[in-house]
Amino acid sequence: MPELPEVETVRLSLLPIVGLRIDAVEVREPRLRRRLAHNFAAQLNRRTFEAIDRRGKYLLFRLDGGDTLLAHLGMSGALLLQPAGTAPQLHDHVRLHLADGRLLTFNDPRRFGLLQIGREADFAELRRVGPDPLAREFTVDDFLRLLRGRKKPVKNLLMDQQGIAGIGNIYANEMLFVAGIRPARQARRVTRDQADRLYEAMRAVLTRAIQRGGSSISDYRDGEGRTGYFQLELAVYDRAGAPCHRCGATIKRVVHAGRSSFYCAQCQK
DNA sequence: CGCACCCCCTGCCGGC
DNA sequence: TGCCGGCAGGGGGTGC
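Numbers given for residues are sequential positions, taken from 1 along each chain in its written order. Just so you know, chain letters begin at A and ligand numbers begin at 1, following the order they were written in. Local features in this predicted model are restricted to residues of pLDDT 70 or higher, and side-chain atom pairs are both shown and tallied only at a pLDDT of 80 or more, whereas totals for entire chains, interfaces and linings draw on every residue. The side-chain figures draw on all heavy atoms in the structure; neither hydrogens nor water molecules are used.

Undergrad: Help me understand the overall build of chain A in this model?
TA: Secondary structure assignment for chain A yields six helices and 10 strands. Only the C-alpha atoms count toward the radius of gyration. The rule for a globule is 2.2 Å times the residue count to the power 0.38. Its C-alpha radius of gyration of 20 Å places chain A within 12% of the 18 Å reference for a compact globule of 269 residues. Dimensions of chain A, computed from the C-alpha atoms along their principal axes, are close to 55 × 35 × 30 Å. Here, residues are in contact when the closest pair of their heavy atoms is within 4.5 Å. A sequence separation of at least 24 residues applies to 63% of the contacts in chain A between residues at least 6 apart. The Shrake-Rupley method, run with a 1.4 Å probe, gives the accessible areas here. Residue values count only the displayed protein chains as cover. Total accessible area on chain A is roughly 12300 Å²; 47% of this is exposed by carbon and sulfur atoms. Starting at the N terminus, helices and strands are each numbered in turn, a helix being any DSSP run of H or I of at least four residues and a strand any DSSP run of E of at least two.

Right, dumping it as structure tokens:
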């Protein structure tokens, strides 16, 4: 579910927990993408949140003492800040009882999400996380280097977290539409002009989506339970058979590597 | 290296 | 009405 804009929206919505201590840790279901370590609760207990960072689709909760709580929402995960006394719901796997009485709850029906506590340098999954597409340091030249010589479809490259971190299926489709490039085009066949447009589209689409609070396709909510609104602005994602807003042609859907791509054959080359 | 497939898991939707 | 297959925003692994 959540891609960079949704994860960033969750991060912003959870900032009020910074400064709060965890008074109790309730593990109701340890079997996530990876099973929670046996000492997970003990390591979290009595720690204080000092900051919340994001890398790609990962959230990093900085704790006093130097440890980090790493969180990934998978396809269906949510982190919810709930009022004191909230009863556990179905698929509430971990509930952190905060010093002010509120709860920080990890809910994830499909259990593709991840929670892990430790030193950031020890997190193997972060070694596969590339630069953030919105970072000032990530230049158009970096982007061009990424495309150069690669035979795989440009959409796969956008979604490869090692090259650029945070883009998933929805936003890859959307930025390719904005840039006028077909998803299946080989990365090395993307012209200089197209690459410039894609770089700009990448930043524009992600920035706009964050401003709109992300896309709530089915069940996405931020930490306060609020939906996003960017789904109302999606040009191609999940619009197969519908008319292109730009030219009126019918939006197509094709499946590559098990994932659906949506595009307008008229507007995208 | 790239890719075509698998897997993990639950929920929902459409067709029969 | 109920059952079944397909599909879903994630990542990871294998074998070719």
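Undergrad: Would you mind showing me how to read the domain arrangement of chain A here?
TA: The parts lose accessible area when they come together, and the size of an interface is often stated as this lost area. Each domain's extent is set by a domain assignment, obtained either automatically or from a database. In terms of domains, chain A is made up of domain 1 (4-128) and domain 2 (140-263). For domain 1 versus domain 2, the separation of C-alpha centres amounts to 28 Å. The partner domain 2 presents 20 residues to the 14 residues of domain 1 that form the contact. Buried area between domain 1 and domain 2, both sides added, is near 1500 Å², and the carbon and sulfur share of it is 61%. When a carboxyl oxygen of Asp or Glu lies within 4 Å of a side-chain nitrogen of Lys or Arg, that pair is called a salt bridge. At the surface where domain 1 touches domain 2, the tally comes to zero salt bridges. Put simply, the parts of the chain that give the side of domain 1 that touches domain 2 at least two residues each are α1 (4-14) and β5 (78-82). Polar here means any residue other than Ala, Val, Leu, Ile, Met, Phe, Trp, Tyr, Cys and Pro, which are nonpolar, and Asp, Glu, Lys and Arg, which are charged; Gly is therefore polar. The residue inventory of the side of domain 1 that touches domain 2, partitioned by class, reads seven nonpolar, three polar and four charged. Once two parts are put together, the accessible area they lose, assessed with a 1.4 Å probe and summed over both, is termed the buried area.

Undergrad: For this particular structure, what's the right way to read the environment of Leu-63?
TA: One can find Leu-63 in strand β3 (residues 58-63). For the pair Leu-63 and Ala-42, spaced 21 residues apart in sequence, the C-alpha to C-alpha distance is 14 Å. The contacts of Leu-63, once residues within four sequence positions are left out, are Leu-44, Arg-47, Thr-48, Phe-49, Glu-50, Thr-68, Leu-69 and Ile-117.

Undergrad: Explain the sheet that holds strand β1 (residues 22-27) here, please?
TA: Sheet strands pair by backbone hydrogen bonding; their relative direction is either parallel or antiparallel. A pair of strands counts as paired when DSSP detects no fewer than two bridges linking them. Strand order in this open sheet of four strands is β1-β6-β7-β5, and the pairing throughout is antiparallel. Taken across any chain shown, the strands that pair with only one partner, and hence form the sheet edges, are β1 and β5. Strand-to-strand twist of the sheet, defined as the mean angle between neighbouring strand axes without regard to direction, takes the value 15°. With five bridges connecting them, strand β6 (residues 92-98) and strand β7 (residues 103-107) associate as antiparallel partners. Paired with Arg-95 across the strands is Thr-105, a residue of β7. Simply put, an axis is a line fit to the C-alpha atoms, just over the touching stretch for a helix, and the angle between two N-to-C directions goes from 0 to 180 degrees.

Undergrad: Where do I start with the protein's contact with DNA strand B in this structure?
TA: Proximity is defined per residue: if any heavy atom of the residue lies within 4 Å of a molecule or strand, that residue is considered near it. As a matter of local geometry, DNA strand B sits amid Leu-90, His-91, Pro-109, Arg-110, Arg-111, Phe-112, Arg-150, Lys-151, Lys-152 and Pro-153. Note that a sugar or linking oxygen of DNA strand B is positioned 3.3 Å from one of the backbone N or O atoms of Pro-109. The separation between a base oxygen of DNA strand B and a polar side-chain atom of Arg-110 is 2.8 Å. When the residues that make up the surface near DNA strand B are grouped by side-chain class, the tally is four nonpolar, one polar and five charged. Definition of a polar contact: a pair of N or O atoms within 3.5 Å, with one able to donate and the other able to accept a hydrogen when the atoms are protein atoms, and with sequence-neighbouring residues admitted only if both atoms are side-chain atoms.

Undergrad: How should I be thinking about the packing of α1 against helix α6 (residues 192-211) in this particular structure?
TA: The N-to-C vectors of α1 and α6 enclose an angle of 40°; their axes lie 9 Å apart at closest approach. By crossing handedness, the relation of α1 to α6 is classed as right-handed. Note on element contacts: α6 touches α1 through Leu-206, Ala-209 and Ile-210, opposite Leu-4, Pro-5, Glu-8 and Thr-9. Taken together, the residues of the contact of α1 with α6 sort by class into five nonpolar, one polar and one charged. For a crossing to be left-handed, the near helix must be turned anticlockwise from the far one by less than a right angle; the clockwise case is right-handed.

Undergrad: Explain the sheet that holds β3 to me, please; I cannot follow it from the model alone.
TA: The four strands are arranged β2-β3-β4-β8 in an open sheet whose pairing can be described as antiparallel. Edge strands, defined here as strands with exactly one partner in the open sheet, are β2 (49-55) and β8 (114-118). If you compare each strand with its neighbour and ignore which way they point, the axes differ by 20° on average. Note that strand β4 (residues 68-72) and β8 share five bridges and pair antiparallel. In the sheet register, Leu-70 faces β8, and the bridge partner there is Gln-116. Here α1 sits on the sheet in contact with β2 and β3, set at roughly 170° to β2.

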